[in-house]
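Summary of structural features
Residue-level listing of the chains:
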Amino acid sequence: MLISVDGMMPDTYLDPDAHGLRVPMMRHLVASGASGRVHGVMPTVTYPTHTTMVTGVPPSVHRIVANKPLDPLSKNQNGWYWYAEDIAVPTLYQAVEARGGTSALIEWPVAVGAHASFVVPEYWRAITDDDKKLQRAISTPGVLDAVEHEHPDLWRYLRPGDVEDRAQFDIARTLLATRHPDLTLVHVFQVDDAEHESGPWSPGANAALENVDTLLGQLVAQLEQSPEWPRTTLFVVSDHGFAPVLHELHLGALLVKHGLVHETADHKVDAASAAVNAAGGTALIYVLDPAKAGDVDAAIAELGDHVARRISHAELVQLGGDPAASFAIVAAPTYAFSDARTGDVVTDVSPRGTHGWPPTDPQMAASIIVYGPHVPHVTLGTVDMLDLAPTMAALLGVALPTAVGKPISVLVGAR
């Protein structure tokens, strides 16, 4: 079972006292199991990372290269990489199903249409009550009805686009008790929401972390009393770290200013010579018209020292980023990139947080705690995000031949 706590930084459990955190369950898991840090993928954002977690390959291979598909003409209505068919390689849950096992995906990214036994995908469109109907329609029939029977207030917390972590844990605990999946993947994200809103280690972010700890405690108590406990391994991970932000760089506005994106009178895009896919601390830059490459360079140069560095196409590919991008740029500390085409190019914002910097940035380190009856008490140091899927595959006894990561030997050898 894997619980992904979006945005959780390793100091949450490695040094909770430094931040005044009350996380007794995570302290217990660390004291009894394995823990460390995780070196992430490029860019350090949610959808590419979660896809790496279940494939063992970088974004350049699985093709979920950002949270959102490139959309130069803004026709996709802010759509994300929601659909499992966009993943270009086999997944861990497909391997489990192919061997006759069952998998549960709970608010898991890139899971609409996933071939798994129980699917409640992360998805939203209008963020109105109609999205609840959409959630029911794209989830495995009967699953949410069964959860609502046990938790009549489910839909108070399961609001697409604004889901509270309690909903995912209620779904997971119901499926564990009634369907006994061999693999369970859960994505919770109130910590990420709070860190974006008010910054890492803010009162709101710490409250969200403590809430996750309480929910984890309830889940672990159930797991330890279940007949499956002797064959269970629990992973508590995250997808990326976080850094504080005080300024935004509106790259869409920059491209409009330099004539690289043309808007109609009603501010719709009708032509583009370049495009960006902003990911907070980094931005992927696409030169759509090679004749405009110099103009793109001039536009980026205008940002001056607000850009920490430029990542060449060759380096981007070496880092596992989108090979279709021309290059990438990295934001300076306290600055973050946005796709916005409105407002000033450089704007001050209230203190908040974001992520997306290259995985070599220490602040972007992700989390890992592993706990179970066969897990030794060890310090893992820093492991690679590419190794999570092969490790879980080895523990489940299934093959994932396309993965380039390797099983974490101290965890697999313990079995």
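Provided above is the structure to which this section pertains.
All of the points below concern the structure found in this document. (Residues numbered from 1 in each chain as written. Predicted model: local features only at pLDDT ≥ 70, side-chain atom pairs only at ≥ 80, totals over all residues. Heavy atoms only, no water.)

**What to know about the overall build of the protein chain**
Helices and strands together make up the secondary structure of the protein chain, namely 16 helices and 17 strands. For 415 residues, the compact-globule estimate of 2.2 N^0.38 gives 22 Å, and the C-alpha radius of gyration of the protein chain, at 21 Å, lies within 12% of that figure. Oriented by its inertia axes, the alpha-carbon framework of the protein chain measures out at about 65 × 45 × 45 Å. In the protein chain, buried positions account for 57% of the 415 residues. Accessible surface, the protein chain as shown: approximately 16200 Å² in total, 53% of it carbon and sulfur. Each charge class in the protein chain can be summarised by its mean position, and for the 26 positive and 48 negative side chains these summaries are 3 Å apart. (Helix = DSSP H or I, 4+ residues; strand = E, 2+ residues; numbered from the N terminus. Rg over C-alpha atoms; globule rule 2.2 N^0.38 Å. Buried < 20%, exposed > 50% of the residue type's maximum accessible area, 1.4 Å probe, protein only. Areas by Shrake-Rupley, 256 points an atom, 1.4 Å probe, with all protein chains shown as cover. Lys, Arg positive; Asp, Glu negative; His and termini not counted. Charge placed at Lys NZ, Arg CZ, Asp CG, Glu CD.)

**Describing helix α2 (residues 24-32)**
Listed as buried for α2 are M25, M26, L29 and V30. When α2 is viewed along its axis, its buried side chains cluster within an angular range of 135° and face the same direction. Exposed residues on α2 whose side chains face more than 90 degrees from its buried face are P24 and A31. (Arc of directions from axis to C-beta.)

**Notes on helix α13 (residues 293-301)**
Taken as a whole, α13 has its buried residues at V296, A299 and I300. Within α13, the buried residues cover an arc of 95° as seen down the axis, which keeps them to one side. Tucked inside the fold, the buried residues of α13 contact α12 (251-257), β10 (274-279), β11 (282-287) and β13 (327-331). (Contact = heavy atoms within 4.5 Å.)

**Considering the packing of aromatic side chains**
One pass over the structure, following the stated rule, counts 6 aromatic pairs. Each residue in the set Y47, W80, W82, Y83, Y123 and W124 is aromatic and connected to the rest through ring pairs, giving one cluster. The ring of F327 carries the charged tip of R310 above its face, separated from the ring centre by 3.6 Å. (Phe/Tyr/Trp six-rings, centres within 6.5 Å; stacked < 30°, edge-to-face > 60°. Lys NZ or Arg CZ within 6 Å of the ring centre and 35° of its normal.)

**Let's talk about the sheet that holds strand β7 (residues 243-250)**
Where strands meet in a sheet, backbone hydrogen bonds hold them as pairs that are either parallel or antiparallel. Spatially, 3 strands are ordered β14-β7-β15 in an open sheet, and the strand pairing comes out mixed. Two strands in the sheet have a free side with no partner beyond their single neighbour: β14 (334-338) and β15 (346-354). Across the sheet, the mean angle separating the axes of adjacent strands is 40° when strand polarity is ignored. Relative to β15, β7 runs antiparallel, the two sharing 6 bridges. Each residue of the ladder has a partner; that of L249, found in β15, is V346. (Pairing = 2+ DSSP bridges. Axes fitted to C-alpha atoms, helices over the stretch in contact; angles between N-to-C directions.)

**A closer look at the nonpolar core**
Counting residues in hydrophobic clusters, the biggest one holds 51 residues, and the most contacted among them are Y93, F235 and I368. In terms of residues, this core owes the most to one element, helix α15 (residues 388-396), which gives 5 residues. A104, I106, L175 and F189 belong to the second-largest nonpolar core, a separate cluster that totals 48 residues. (Core = buried A, V, L, I, M, F, W, Y, C linked by side-chain atoms within 4.5 Å.)

**Some details on the packing of helix α10 (residues 190-198) against helix α11 (residues 203-225)**
Taken N-terminus to C-terminus, the directions of α10 and α11 make an angle of 175°; their axes are 8 Å apart at the nearest point. The angle between α10 and α11 places the two elements in the roughly antiparallel class. In contact with Q190, V191, A194 and E195 of α10, α11 contributes G204, A205, A208, L209, N211 and V212. Considered class by class, the residues forming the contact of α10 with α11 number 6 nonpolar, 3 polar and 1 charged. (Parallel < 35°, antiparallel > 145°, perpendicular 65-115°, else oblique. Nonpolar A, V, L, I, M, F, W, Y, C, P; charged D, E, K, R; others polar.)

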